[in-house]
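# Breakdown of the fold
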Amino acid sequence: MTNWPDRRILDLFGILHPILLAPMAGFGTPALAITVAEAGGLAALASATITPEQAGQDLASFRAATKKPVNLNFFCHQPPVADPAREAAWRARLAPYYRELGLDPAMPVAPSNREPFNDAFCAVVEAHRPEIVSFHFGLPERRLLDRVKATGARVIASATTVPEARRLEGEGCDAIIAQGAEAGGHRGMFLTSDISGQIGTFALVPQVVDAVGLPVIAAGGIADARGVVAALALGASAVQIGTAFLLSPEARIAPQHRRALETAEADETAITNVFTGRPARGVVNRLMRELGRFSSDAPQFPLAGGALAPLRAETEPVGSRDFMPLWSGQAARLARPMPAGELVRKLAAEALAKLG
Ligand SMILES: Cc1cc2nc3c(=O)[nH]c(=O)nc-3n(C[C@H](O)[C@H](O)[C@H](O)COP(=O)(O)O)c2cc1C
């Protein structure tokens, strides 16, 4: 038992410390989840870039290694509607890069593969019964949400504004993740597409705390114990951390992405839609600089990624980050690279010391 001032999330999830590993599709691994769980934080496994079968396998690996609870995470975007004119405009925008790399700008490309939460993913939840299920980009349709809740899972989801938090409470969530604009990766926004109205963690968390009766989890720009204590002072019951865990050896991250997070470049992050079609924060790179951070030509999420794939396949293996999304929050420079379990223990001990 530890002396955290607010036990609501600890008791709801059955964890020791109010420190949640952010689900990070493509970057998180079962090893990362297991080590966070064993250290007393909440583990997370992301499913947005994998098949239901792989999600089941990841959960099985987790269950084989630890009895601790886990959060299984899904995206809830609307499946994109094909728009040939926009696709053609996007390919025309990227054509100079294809030519620069000696590729045919008209070559066929595979569509980008991010499935929203659906019946097949729901069957994985029913089979493996993760203790917590989290959603990004809103919630799934009622019938799927009811099936998830019938498994006994606690349901949590990201809100980027007060109206989104109220909506999630009204739909029956058990806790709200208040995702401030500092956060790395995709914005969880679902009632608005106005990026200029996105709010920083410091202003968002207390307003969400005031607006809903549920425990609130602060996310975005938290990478050291000062951030943890500040979030708790603002009324959060726990924090969710992504970027700081990207530097742990258990994360799956390309060397050039890691270098970008560890160097001065991490000071320059921005929200962009050019990698996937949805706003997400990453370290500014060549594609963002040259196309502009927002392109009206970028096809609907996740289709923008399709035409980028050949450019990435050509350049990333030789260490280039020109076309690679370098997802990062604004606090990467505060992160200390260390094994994830050590990071959880250190953040908890330092935060508890500050709390007296
Ligand atoms: C590399 C990366 C991948 C992410 N992928 C997901 C995801 O798959 N699902 C999700 O709900 N959130 C995802 N996020 C957002 C996190 O849940 C969280 O909001 C964010 O990491 C918090 O801000 P921080 O990065 O400053 O700690 C991702 C964040 C990063 C940095």
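Scroll up to find the structure.
The sections below set out a description of the structure shown in this document. (Residues numbered from 1 in each chain as written. Predicted model: local features only at pLDDT ≥ 70, side-chain atom pairs only at ≥ 80, totals over all residues. Heavy atoms only, no water.)

### A look at the overall build of the chain
When you go through the chain residue by residue, the secondary structure sums to 14 helices and 11 strands. In summary, the chain has a C-alpha radius of gyration of 20 Å against a globular reference of 21 Å for 356 residues, a match within 12%. The principal-axis extent of the C-alpha atoms belonging to the chain is close to 60 × 45 × 40 Å. Residue burial in the chain is summarised as follows: out of 356 residues, 57% are buried. Long-range pairs, those at least 24 residues apart, make up 67% of the contacts in the chain with a sequence separation of at least 6. (Helix = DSSP H or I, 4+ residues; strand = E, 2+ residues; numbered from the N terminus. Rg over C-alpha atoms; globule rule 2.2 N^0.38 Å. Buried < 20%, exposed > 50% of the residue type's maximum accessible area, 1.4 Å probe, protein only. Contact = heavy atoms within 4.5 Å.)

### As for the sheet that holds strand β2 (residues 43-46)
By definition, the strands of a sheet pair up through backbone hydrogen bonds, in either a parallel or an antiparallel sense. Taken in spatial order, the 8 strands make up an open sheet running β1-β9-β8-β6-β5-β4-β3-β2, and their pairing is parallel. With partners counted over all chains shown, the strands left at the sheet margins are β1 (19-21) and β2, one partner each. Between one strand axis and the next, the sheet turns through 25° on average, direction left out of account. Here β1 runs beside strand β9 (residues 238-241); their pairing, made up of 3 bridges, is parallel. The residue of β9 that forms the bridge with I19 is V239. Here helix α2 (residues 30-38) sits on the sheet in contact with β1 and β2, set at roughly 165° to β2. (Pairing = 2+ DSSP bridges. Axes fitted to C-alpha atoms, helices over the stretch in contact; angles between N-to-C directions.)

### A short note on the pairing of β9
Along β9, one buried face is formed by A238 and Q240 and the opposite face, lined by V239 and I241, is buried too. Pairing geometry for strand β8 (residues 216-219) and β9, over 3 bridges, is parallel. Within the sheet, the bridge partner assigned to A218 lies in β9 and is V239. A crossover links β8 with its parallel partner β9, the connecting element being helix α9 (residues 225-233), and its sense is right-handed. (Right-handed = clockwise from strand over helix to strand, strands pointing away.)

### Points about the sheet that holds strand β10 (residues 269-272)
Read from one edge of the open sheet, 3 strands run β7-β11-β10, paired in antiparallel fashion. The strands lining the two open edges of the sheet, one partner per strand, are β7 (185-186) and β10. With 4 bridges joining them, β10 and strand β11 (residues 280-283) adopt antiparallel strand pairing. Among the inter-strand pairings, I271 is bridged to a residue of β11, identified as R281.

### Describing the packing of α9 against helix α14 (residues 340-355)
Across the interface, α9 lies against α14 with an axial gap of 8 Å and an inter-helix angle of 55°. What the angle tells us is that α9 and α14 run oblique. Crossing of α9 over α14 shows right-handed handedness. From α9, A225, R226, V228, V229 and L232 reach across to α14, where they touch L347, E350, A351, K354 and L355. Among the residues making up the contact of α9 with α14, the classes are represented as 7 nonpolar, no polar and 3 charged. (Parallel < 35°, antiparallel > 145°, perpendicular 65-115°, else oblique. Left-handed = near helix turned anticlockwise from the far one by under 90°. Nonpolar A, V, L, I, M, F, W, Y, C, P; charged D, E, K, R; others polar.)

### Digging into the state of the cysteines
Inspection of every chain in the model, using the stated rule, returns 0 disulfides. This cysteine, C76, is not joined by any disulfide, and C173 carries the nearest cysteine sulfur, 9.8 Å off. Given the relative accessible area of 11%, C76 is considered buried. A relative accessible area of 5% places C173 in the buried class. (Disulfide = S-S within 2.5 Å.)

### Regarding the nonpolar core
Membership of the largest hydrophobic core comes to 116 residues, with the highest contact counts inside it found for L94, F117, F135 and F245. Counting residues per element, this core draws most heavily on α14, at 6 residues. Counting contributing residues per domain, this core is built from domain 1 (8-77 + 114-250 + 339-355) and domain 2 (82-112 + 264-330), each supplying no fewer than three. With residues near it in sequence (within four places) discarded, F117 still touches F74, F75, C76, C122, V125, F135, P140, L144 and V148. (Core = buried A, V, L, I, M, F, W, Y, C linked by side-chain atoms within 4.5 Å. Domains from an automatic or database assignment.)

### Remarks on helix α3 (residues 52-65)
Between its first and last C-alpha atoms α3 spans 20 Å; for 14 residues at 1.5 Å apiece the expected length is 20 Å, and the two agree. The complete set of buried residues in α3 reads P52, A55, G56, L59 and F62. Along the axis of α3, the buried residues cluster in a sector spanning 120°; they form a single face. Pointing more than 90 degrees away from the buried face of α3 are the exposed residues E53, Q57 and A64. Among the structural elements, α2, β2, β3 (70-75) and α5 (119-128) are those in contact with the buried residues of α3. (Expected span 1.5 Å × (residues − 1). Arc of directions from axis to C-beta.)

### Considering helix α6 (residues 142-150)
If you check which residues of α6 are buried, you get L144, L145 and V148. The buried residues of α6 occupy an angular sector of 100° when the element is viewed end-on, so they sit on one face. Note on α6: the residue one or two positions beyond its end, G152, has a positive phi of about 95°.

### Let's talk about the packing of helix α4 (residues 84-100) against helix α13 (residues 304-315)
It is the contact of α4 with α13, at a shortest axis distance of 10 Å, that shows an interaxial angle of 15°. Classified by the interaxial angle, the pair formed by α4 and α13 is roughly parallel. Here the hand of the crossing between α4 and α13 comes out right-handed. When α4 is examined against α13, the residues E87, W90, R91, L94, Y97 and Y98 are found in contact with a partner set consisting of A304, A307, L308, P310 and L311. Residue composition of the contact of α4 with α13, grouped by class: 9 nonpolar, no polar and 2 charged.

Functional significance is not addressed by these values, which are geometric in nature.
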